[in-house]
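# Reading the structure
Letter by letter, the chains look like this.
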Amino acid sequence: MAFHQIPISTKISLYLLSLLFLSKAHLSFSLPNSSVLQSVTVTDVHDLLPLYGLPRGLLPDNVKSYTLSPSGSFSIQLTTPCYVHFDQLVYYDKEMKGKLSYGAVHDVSGIQAKKLFIWLSVSGIEADYDDGMIEFFVGSLSQKLPAKQFEDIPACKSKASLRTNLESM
């Protein structure tokens, strides 16, 4: 049987299987929205996020490791806690947890955003494709920020600078 006569699902499976053998990566996970694909290997969580419809820059550059279960539960460890400034000042704890699904992260712990003088825990994140926005949930409240802010992986800062604190007011 010629390769072009093999069903597309078999071709994709064979292709992924060969990628798995060639890869030096160490973490497997199930891809969302796919009955054909069983697992793919990704070592950098920033590369995983686009597979789930989220931008790479949602997480800072100092990710030490991560785990992702088949159910979507995840844990991310940073080398140190840190601050990143988007439109808001954001604090990332040394460990973050939550549940990942396509275009969304729910039940988040370990991320806080500063609004005026108050630090608020981020409980969820959703991509709004129609508007090109990322929506952040703090309890029942939410705020949308342009997705373009999250295209690049942000650098972690060990302290919130005075300039950053003044800008976020």
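Residues numbered from 1 in each chain as written. Predicted model: local features only at pLDDT ≥ 70, side-chain atom pairs only at ≥ 80, totals over all residues. Heavy atoms only, no water.

Labelled according to an unreviewed UniProt entry, the protein chain appears under the name DUF538 domain-containing protein, originating from Manihot esculenta.

## Some details on the pattern of salt bridges
The criterion, for reference: Take a side-chain nitrogen of Lys or Arg and a carboxyl oxygen of Asp or Glu: if they are within 4 Å of each other, that pair is a salt bridge. Secondary structure is summarised from DSSP: a helix means a run of H or I of at least four residues, a strand means a run of E of at least two, and numbering begins at the N terminus for each. Buried, partly exposed and exposed residues are distinguished by accessible area as a fraction of the type maximum, computed with a 1.4 Å probe on protein chains only: under 20%, between the cut-offs, and over 50%, respectively.
For the coordinates displayed, the defined rule picks out three salt bridges. With its nearest N and O atoms 2.6 Å apart, the salt bridge here joins aspartate 128 to lysine 144. Separated by 16 residues along the polypeptide, aspartate 128 in strand β9 (residues 124-128) and lysine 144 in strand β11 (residues 141-146) bring together distant segments of the chain. Aspartate 128 sits in the buried class, given a relative accessible area of 18%. Owing to a relative accessible area of 33%, lysine 144 belongs among the partly exposed residues under this scheme. Its salt-bridge partner being aspartate 131, residue lysine 144 comes within 3.3 Å of it at the nearest N-O pair. One end of the pair, lysine 144, is in strand β11; the other, aspartate 131, is in the loop between β9 and β10 (133-138), with 13 residues separating them in the sequence. Taken together, the salt bridges that share partners define one network made up of Asp128, Asp131 and Lys144.

## Observations concerning unusual backbone geometry
Backbone geometry places aspartate 107, a non-glycine residue, at a positive phi of 55°. Summarising the element assignment, aspartate 107 is placed in strand β7 (residues 104-115). Even without being a glycine, leucine 116 presents a positive backbone phi close to 60°. The topology assignment puts leucine 116 in the loop between β7 and β8 (118-121).

## Quick notes on the layout of surface pockets
Threshold: Computed over the protein atoms alone on a 1 Å grid, cavities are sets of points where a 1.4 Å probe fits but cannot get out and pockets are open sets with protein on both sides within 12 Å along at least five of seven lines; a residue lines them when it has an atom within 4 Å of a point. Grid points are joined across faces, edges and corners, and a volume is the space filled by probe spheres set on the points.
As a volume, the largest pocket reaches approximately 470 Å³. Every residue lining the largest pocket is counted, 32 residues in all, and those nearest its centre are Ile111, Ala113, Val122, Ile125 and Phe136. Among the elements of the structure, α2 (45-51), β3 (63-68), β4 (73-78), β6 (89-101), β7, β10 and β11 are those that each provide at least two residues to the lining of the largest pocket. Counting residues per element, the lining of the largest pocket draws most heavily on β7, at six residues.

## Digging into the packing of aromatic side chains
Convention followed: Here the aromatic set is Phe, Tyr and Trp, taking the six-membered ring for Trp, and pairing holds for ring centres within 6.5 Å; pairs whose planes are under 30 degrees apart are stacked, those over 60 apart are edge-to-face, and all others are tilted.
One pass over the full model with this rule turns up five aromatic pairs. Ring centres of tyrosine 102 and tyrosine 129 lie 6.5 Å apart, and the angle between their planes is 25°; on these two criteria the pair is classed as stacked. Residue tyrosine 102 is located in the loop between β6 and β7, and its partner tyrosine 129 is located in the loop between β9 and β10; the two are separated by 27 residues in the primary sequence. An aromatic cluster is present here, built from Tyr83, Tyr91 and Trp119 joined pairwise through their rings.

## A look at the nonpolar core
Rules: Buried residues of nine kinds, namely Ala, Val, Leu, Ile, Met, Phe, Trp, Tyr and Cys, make up a nonpolar core once their side-chain atoms join them within 4.5 Å. Contacts were defined at the residue level, with two residues in contact if any of their heavy atoms lie within 4.5 Å.
Grouped together as the largest cluster of nonpolar side chains are 31 residues, with contacts concentrated most on Leu48, Leu58, Ile76, Tyr92, Leu100 and Phe136. Contacts of phenylalanine 136, omitting those with residues within four sequence positions, involve Leu58, Val122, Gly124, Ile125, Leu141, Ser142, Gln143, Leu145 and Phe150.

## Considerations on the state of the cysteines
Stated precisely, the cut-off is as follows: Disulfides are defined as cysteine sulfur pairs within 2.5 Å.
Scanning all chains against the criterion turns up one disulfide. Two residues, cysteine 82 and cysteine 156, share a disulfide whose sulfurs are 1.7 Å apart. Of the two residues, cysteine 82 is situated in strand β5 (residues 82-85) and cysteine 156 in the loop between β11 and α3 (162-167); the sequence distance between them amounts to 74 residues.

## Considerations on the pairing of β5
Condition: When DSSP finds at least two bridges between two strands, those strands are taken to pair.
The side-chain alternation of β5 yields one buried face, formed by Cys82 and Val84, and one unburied face, formed by Tyr83 and His85. As judged from the four bridges shared by β5 and β6, these two strands associate in the antiparallel manner. Paired with tyrosine 83 across the strands is tyrosine 91, a residue of β6. What sits between the antiparallel neighbours β5 and β6 is a turn of three residues.

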